[in-house]
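Descriptive analysis of the structure
One-letter residues, chain by chain:
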Amino acid sequence: MAFSGALTLTDLNDFITPSQACIKPVTQLNSNETEEKDRGAAATEIQIDRSGAYYEVAPNDKILAAPGPAKKLEQAQINLNDCLACSGCITSAESVLITLQSHTEVLTFLESNEIKRQAPLSSDHKLTGISDGSYRIPVISISPQTLASLAAAAAASSPSTSTFPQHPTPRQILRRIRAFCIESLGFSSVFDTTFARHLALQEHIAEFEERWSAATEGSVIDASSGATDSESAKGLPMLASACPGWICYAEKAHSEMLPFISRTKSPQQVMGTLVKNWMGERWGKLPSEIYHVTVMPCYDKKLEASRTDFYNDVYATRDVDCVITTGELELLMKEKSWDITQPVTGELDDDFSASSFGSFDTSNPLPTNHSAPGTEVYSIHLPELLTHPGTSSGSYLHAIIAHLQTTSDVPLTLHVQTVRGADYEEYSLSKKADGPGQEDIIVFKGAKCYGFRNLQNVVRRVGRERGLRTGTGAAGKLAGRAGAGVARRLAGRRAADGKDEKKERRYDYVEVMACPGGCVNGGGQLKPVIAVPDASAPPPPMVDQEGYKRDWEGSDVAIAPTFKNAATIDVTQNARWGSKEWTKRVEEEYWREPWMDVRNGLADGLAQRIYDDLCGSGDGTTRLKKRRTLFRTQYRAVESEVIGLAVVW
């Protein structure tokens, strides 16, 4: 399978150099020519024309093949099979799974599913498509980063004279996508994933409390080396786990970091649990009778959904059946001639209702066979676009900081320090010292780390603090005295340099994301909008503001073009990915939804109802075990079986 045209190399600061095994060997067959040639002479030459095209010619301008023009060479294309040698990015099993994660696969399923839904009644007056389990209720969940990207594209298509509130908000974009998915594609329910993120943050905080208690109360920690008599205490610093690119990288390159990575599922997979388990039970449907699609800002989310941990062996189904990116959703709308810039009925309605969250929407029955009355099931009302103050990548660090400030017995002051731009910042909570004139006591220290360059620096820092050898795969962890010895030597060096080890607090938590700028800058997001110049616009004036004549073209001066109306603005896949200006615009759209504490409070009530429904009755231990099974996962080291020196060149 060839890589999608939307996949491009990003800023080289975050490019991981491939190993020697990544180079695809080339086999050259023996020539049939009988004449002897200089072994060092080239058989052909490659020439480049003015357009940048490559042509293969003979050394003396003779065409190799039959008479005619020189042979034009095609651009090199690397497919997934060419990258399997090092297993650094993807395995052969994962490459097969990715072929099932595309917008064409979604269309194929929906078309076949619609045929089953409209199947005639059988002789016993039962639906042949629904009763035999072949028909599946299609549900789609959309990430808030996707909505922000689409809103930014719509905003860029607005005239430059328009005011800020005139272009659609993410909430309006969600309503328009819901109309598109139901009316044009045939989906039954359309949700956003912010409520699933709300549940993920609650579980994330609960896990951090467990690790914090184990590290500070349940074991004795050596202040000089950080060694502890409890294995659970080694879980600090806790590293965020919502980024599948970071998880894939850690499992295959830094497995010594796995004990520190949070076990909480990402919002995508929490949404899968909600749809397949909780909603399915309320609808009276098995997990295999629901088809769940998610729209994400990242291609690696396809790999995350394909993990064996998220596969239900009993019902032979995944929590998330298919993942498409923001760009693929935009392609779907293009193929169906849907204009997202056009408003739909009810897009300004508010979903706020004290009693509606978690209830059935009886005014909107899910599509079923029209010839079988009484078989309808109804969509479930979830809170829309919950806002969590912090970052546009989930607000994991800020959720923990807010929890610590709320539950602390004494006031805690937040300090923020920029380490390397906005992608690497440190956050600390401190309390007042007991005695006068003493420095404040730091009780918590965390960091926000985006991008692979910053990520690798954090990995090295955690390794130094915890006495781990980084960069050696599953064998990287130093056990027992060896790990403590490394930490003691590091402490000795700092003491020799005049640094007080006790004053520098280690990280307690790190929010890790692989993409620079976070999830709003994911590889699956829409590219920067390129406007089409208006050919009918008048040419630029030949006289400047001071009255002097100017030859703008001859002076190589770039003139800002005049653009057409919104209908001519397009999101192109050829634009440069990773524009900081564009990422900033998407970030602004992400935060256009106001914070409503009341709505989040109602979401807490619905979350408790869901825990009760899924975990059932029983003692606290049984419920806690069930909750961990539903909302947490596990990770494992992946060892490469390829030795670079063994590659046949």
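A brief structural summary. On a predicted model such as this, the values are computed, not experimentally measured, just so you know.

This next bit is on the nonpolar core. Formed by 46 residues in total, the largest nonpolar core has its most connected members in Trp-246, Phe-444 and Tyr-509. Those elements that provide at least two residues to this core are helix H6 (194-216), strand S6 (238-239), helix H7 (244-253), helix H11 (396-407), strand S14 (424-431), strand S15 (441-450), helix H12 (452-466) and strand S16 (509-513). For this core, the element with the most residues is H11, which contributes six residues. If you look at the next biggest cluster of nonpolar residues, it comprises 35 residues, including Leu-185, Ile-324, Leu-332 and Ile-340.

It is worth spelling out helix H5 (residues 170-185) at this point. In terms of burial, H5 is largely enclosed, as twelve of its 16 residues are buried. Immediately downstream of H5, the backbone of Gly-186 shows phi near 95°, a positive value.

This part is about the pattern of salt bridges. Close approach of charged atoms allows side chains of opposite charge to pair. Enumeration according to the criterion identifies 26 salt bridges in this entry. Across the pair Glu-210 and Arg-628 runs a salt bridge whose closest N-O atoms are separated by 3.0 Å. Here the residue Glu-210 occupies a position in helix H6, and Arg-628 occupies one in helix H16 (residues 620-631), the gap between them amounting to 418 residues. Residue Arg-628 is classed as partly exposed on the basis of its relative accessible area, which comes to 34%. For the salt bridge of Arg-505 with Asp-508, the shortest nitrogen-to-oxygen distance reads 3.0 Å. With relative accessibility at 7%, the residue Asp-508 sits in the buried group. Put simply, Arg-171, Arg-175, Arg-178, Glu-384 and Glu-593 are held in one network by salt bridges that share partners.

On the surface, a nonpolar cluster with roughly 320 Å² of combined accessible area is contributed by Ile-46, Ile-48 and Tyr-54. By secondary structure assignment, the location of Ile-48 is in strand S1 (residues 45-48). Judged by its relative accessible area of 53%, Ile-48 falls in the exposed class.

Here we have four strands laid out as an open sheet, ordered S5-S4-S7-S10, and parallel in their pairing. The sheet terminates laterally at strand S5 (189-192) and strand S10 (322-325), the two strands that pair on one side only. Strand-to-strand twist of the sheet, defined as the mean angle between neighbouring strand axes without regard to direction, takes the value 20°. In this structure, strand S4 (residues 137-142) lies alongside strand S7 (residues 290-296), joined through six bridges in parallel fashion. In the strand pairing of S7, Ile-137 is matched with Ile-290. Docked against the sheet, H5 engages S4 and S5, running at close to 155° with respect to S5.

A positive phi angle, close to 50°, is found at Leu-385, a residue other than glycine. The class of Leu-385 is buried, set by a relative accessible area of 7%. Backbone geometry at Ser-395 places phi at a positive 60°, although glycine is not the residue there.

What follows concerns helix H2 (residues 103-117). Here H2 is 15 residues long and its end C-alpha atoms lie 21 Å apart, about the 21 Å a rise of 1.5 Å per residue gives. Those residues of H2 that fall on the buried side of the exposure criterion are His-103, Val-106, Leu-107, Phe-109, Leu-110, Asn-113 and Arg-117. End-on, the buried residues of H2 take up no more than an arc of 165°, which puts them together on one face. For H2, the exposed residues set more than 90 degrees away from the buried face come down to Glu-111 and Ile-115.

Below, the discussion takes up the pairing of S14. For S14, the buried fraction is high: seven of the eight residues fall into the buried class. Relative to S14, strand S13 (residues 413-418) runs antiparallel, the two being bridged by six bridges. Its bridge partner lying in S14, His-415 is registered against Ser-428. Here S13 hands over to S14 after five residues, with Gly-421 in that stretch at a positive phi of 70°. Bridge count for S14 against S15 is eight bridges, and the pairing is antiparallel. Bridge pairing in S15 links Ser-428 to Lys-445.

On to the side chain of Arg-506. Tracing the chain through its elements places Arg-506 in the loop between helix H13 (480-496) and S16. Among the polar contacts listed, one links the side chain of Arg-506 to the backbone oxygen of Glu-465, at a separation of 3.3 Å.

Once that is clear, we can look at the side chain of Glu-207. Structurally, Glu-207 can be placed in helix H6. A distance of 2.8 Å separates a polar side-chain atom of Glu-207 from the backbone nitrogen of Arg-263. Apart from residues no more than four positions distant in its own chain, Glu-207 is found in contact with Met-238, Ile-261, Ser-262, Arg-263, Thr-264 and Arg-632.

Below, the discussion takes up the environment of Arg-506. Of the residues examined, Arg-506 reaches a relative accessible area of 17% and is grouped as buried. Each C-alpha atom of the pair Arg-506 and Val-462 lies 8.3 Å from the other, and the pair is 44 residues apart in sequence.

The contact between H6 and H16 brings their axes to 12 Å, and the two run at 120°. Here H6 is positioned oblique relative to H16, judged by the angle of their axes. For the pair H6 and H16, the crossing hand works out as left-handed. The segment H6 lies against H16, with Leu-199, Gln-202, Glu-203 and Glu-210 engaging Arg-627, Arg-628 and Phe-631. By residue class, the composition of the contact of H6 with H16 is two nonpolar, one polar and four charged.

Turning our attention to the environment of Ser-428. Structurally, Ser-428 can be placed in strand S14. Of the residues examined, Ser-428 reaches a relative accessible area of 13% and is grouped as buried. As a C-alpha pair, Ser-428 and Lys-445 span 17 residues in sequence and 4.3 Å in three-dimensional space. Discounting residues that sit within four places of it in the chain, Ser-428 has contacts with Thr-413, Leu-414, His-415, Ile-442, Phe-444 and Lys-445.

This paragraph deals with the sheet that holds strand S3 (residues 71-72). Spatially, three strands are ordered S1-S2-S3 in an open sheet, and the strand pairing comes out antiparallel. Two strands lie at the open edges of the sheet, namely S1 and S3, each paired on one side alone. Note that S1 and strand S2 (residues 54-57) share four bridges and pair antiparallel. Residue pairing across strands places Gln-47 opposite Tyr-55, the latter belonging to S2.

For the rest of this paragraph, the subject is the packing of H6 against H11. Packing of H6 against H11 brings their axes to within 10 Å, and their N-to-C directions diverge by 60°. Judged on the interaxial angle alone, H11 and H6 are oblique. Note on packing geometry: the crossing formed by H6 with H11 is right-handed. Along the contact surface, H6 presents Leu-201, His-204, Ile-205, Phe-208 and Glu-209, while H11 presents Tyr-396, Ala-399, Ile-400, His-403 and Leu-404. Looking at side-chain class alone, the contact of H6 with H11 contains seven nonpolar, two polar and one charged residues.

Cut-offs used in this document
- Residues numbered from 1 in each chain as written.
- Predicted model: local features only at pLDDT ≥ 70, side-chain atom pairs only at ≥ 80, totals over all residues.
- Heavy atoms only, no water.
- Core = buried A, V, L, I, M, F, W, Y, C linked by side-chain atoms within 4.5 Å.
- Buried < 20%, exposed > 50% of the residue type's maximum accessible area, 1.4 Å probe, protein only.
- Helix = DSSP H or I, 4+ residues; strand = E, 2+ residues; numbered from the N terminus.
- Salt bridge = Lys/Arg side-chain N within 4 Å of Asp/Glu carboxyl O.
- Patch = residues over 30% accessible without salt bridge, like charges linked within 9 Å, V, L, I, M, F, W, Y side chains within 5 Å.
- Areas by Shrake-Rupley, 256 points an atom, 1.4 Å probe, with all protein chains shown as cover.
- Pairing = 2+ DSSP bridges.
- Axes fitted to C-alpha atoms, helices over the stretch in contact; angles between N-to-C directions.
- Contact = heavy atoms within 4.5 Å.
- Expected span 1.5 Å × (residues − 1).
- Arc of directions from axis to C-beta.
- Polar contact = N/O pair within 3.5 Å; in protein donor to acceptor, adjacent residues only side chain to side chain.
- Parallel < 35°, antiparallel > 145°, perpendicular 65-115°, else oblique.
- Left-handed = near helix turned anticlockwise from the far one by under 90°.
- Nonpolar A, V, L, I, M, F, W, Y, C, P; charged D, E, K, R; others polar.

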